[in-house]
Amino acid sequence: MTAFHTLRWTVDTLELLDQRWLPDRCEYLRCDSARSVAQAIRDLVVRGAPAIGCAAAYGIALEALQLSGASKRQFADGMDSAFTVLAQSRPTAVNLAWALQRMRGSVAQTAGMDGRQRAATLLAMAKQIVDEDLDINRRLGSFGAALLPEHACVMTHCNAGALATAGHGTALGVIRSAIEAGKTVEVIANETRPFLQGARLTAWELQQDGIPVTLITDSAAGYMMGRHRIDAVIVGADRVAANGDVANKIGTYMMAVLARRHCIPFYVACPLSTLDMAVASGADIPIEQRDTAEVAGYRDLRWAPADIHIANPVFDVTPAELVSALVTEKGVVPAPGRAALEALLAG
Ligand code: MRU
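This text gives an overview of the structure that appears in the document. (Residues numbered from 1 in each chain as written. Predicted model: local features only at pLDDT ≥ 70, side-chain atom pairs only at ≥ 80, totals over all residues. Heavy atoms only, no water.)

### A short note on the overall build of the protein chain
Formally: Only runs of H or I of at least four residues qualify as helices and only runs of E of at least two qualify as strands under DSSP, and these elements are numbered from the N terminus. Only C-alpha atoms enter the radius of gyration, while the globule expectation follows 2.2 Å times N to the 0.38, with N the number of residues. Only protein chains enter the accessibility calculation, which uses a 1.4 Å probe; a residue is then buried when its area is under 20% of its type maximum, exposed when over 50%, and partly exposed in between. When checking whether two residues touch, look at their non-hydrogen atoms; a contact exists if any pair is within 4.5 Å.
Helix and strand counts for the protein chain come out as 11 helices and 16 strands. For the protein chain, the C-alpha radius of gyration of 20 Å lies close to 20 Å, the compact-globule estimate for 347 residues. Oriented by its inertia axes, the alpha-carbon framework of the protein chain measures out at about 65 × 55 × 40 Å. The 347 residues of the protein chain split such that 57% are buried. Taking as baseline every contact in the protein chain between residues at least 6 positions apart, the subset at least 24 positions apart corresponds to 74%.

### Examining the environment of T184
The following threshold applies: In the analysis that follows, any N or O atom pair within 3.5 Å is treated as a polar contact, provided that within protein one partner can donate a hydrogen and the other can accept it, and provided that, for residues neighboring in sequence, both atoms belong to side chains.
Within the secondary structure, T184 is located in strand β5 (residues 184-190). On a C-alpha basis, the gap between T184 and I211 in space is 9.1 Å, while along the polypeptide they are 27 residues apart. Setting aside anything within four residues of it in sequence, one finds T184 in contact with E150, H151 and A152. Reaching out from T184, the side chain makes a polar contact with the side chain of H151 at a distance of 2.6 Å.

### Comments concerning the sheet that holds strand β4 (residues 151-156)
Defined as follows: Two strands qualify as a pair provided that DSSP identifies no fewer than 2 bridges between them. Simply put, an axis is a line fit to the C-alpha atoms, just over the touching stretch for a helix, and the angle between two N-to-C directions goes from 0 to 180 degrees.
One open sheet holds the seven strands; their spatial order is β6-β5-β4-β7-β10-β15-β16, and the pairing between them is mixed. Strands with a single pairing partner mark the edges of an open sheet, and in this sheet they are β6 (213-216) and β16 (331-334). When strand polarity is set aside, the average angle formed by the axes of neighbouring strands in this sheet is 25°. In this structure, β5 lies alongside β6, joined through four bridges in parallel fashion. Within β6, the residue paired with I188 across the bridge is T214. Contacting β4, β5 and β6, helix α7 (residues 197-208) runs over the sheet at an angle of about 165° to β5.

Below, the structure written as structure tokens:
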């Protein structure tokens, strides 16, 4: 069990571990409305596909609390704006839309209740989404753990850990579960330019749990695969299309190509809520473009020349053919494609 909480509910407030400042400062940001949660998601206070879904669900509960004394009309209007602002906070991770869809279902079911009962029911639903996420990560973690040898070296990209979920993590959940099962695992963490989720978050969270980790630059990944025994590359996902293409943090595609070149299995660990069967292939997944200042420098430091043209796509798509297996809470899907994903969801 990790010693920190990515999100926690205290009295009538959502507290988010402010990931912008890790590992320097471990501070919580308090949110009391859907708008403040949406801002926190946009600003990467909370990030990672399942975690932003959980935060958005709490955002709806917060708004319902604020509106619990309002008329039915005001409640309906206020909730509509809450759903809109949260849905627009980030485009790529489908878990956000998935969590909001579940909350919409609860809003509809509570239509006959008074404001206080509605708020309490919506809060209970948000908490259920969070509890389920933790449980899902534990289940997918143990399926994934079975893929690793007794003494494993795993490369990961970005942060798909407890910090990106309600707890345990997806890619890092596989590693935690393998260790709980008695295996030894050492991790190679890619720093993950430009927001440095690997250097700042994965390295910190593994260090907190005493899991051996070596931090490398993204550019060193090919060298490491060529010179060191790496048993698997394991990453998370923001959205998996119906044909098995995987959108994840920028640089993931490079890692998958390198892994194939070096005959290293490339695993994607994600909950079923990350599957988007409405999207035929990765080409249809919206890719977030963020502020170019993230590439030009970091915090107060700028290294790029002024007025230079910069692009900052923050996700990429790994074609399904490069994915050795998808690790989900329902089991491992080797070489995921449309038929395999449909069978998984139907089973
Ligand atoms: O921009 P971020 O930090 O939200 O991107 C996060 C990732 O790409 C993760 O790998 C993904 O969301 C899976 S988290 C379990």
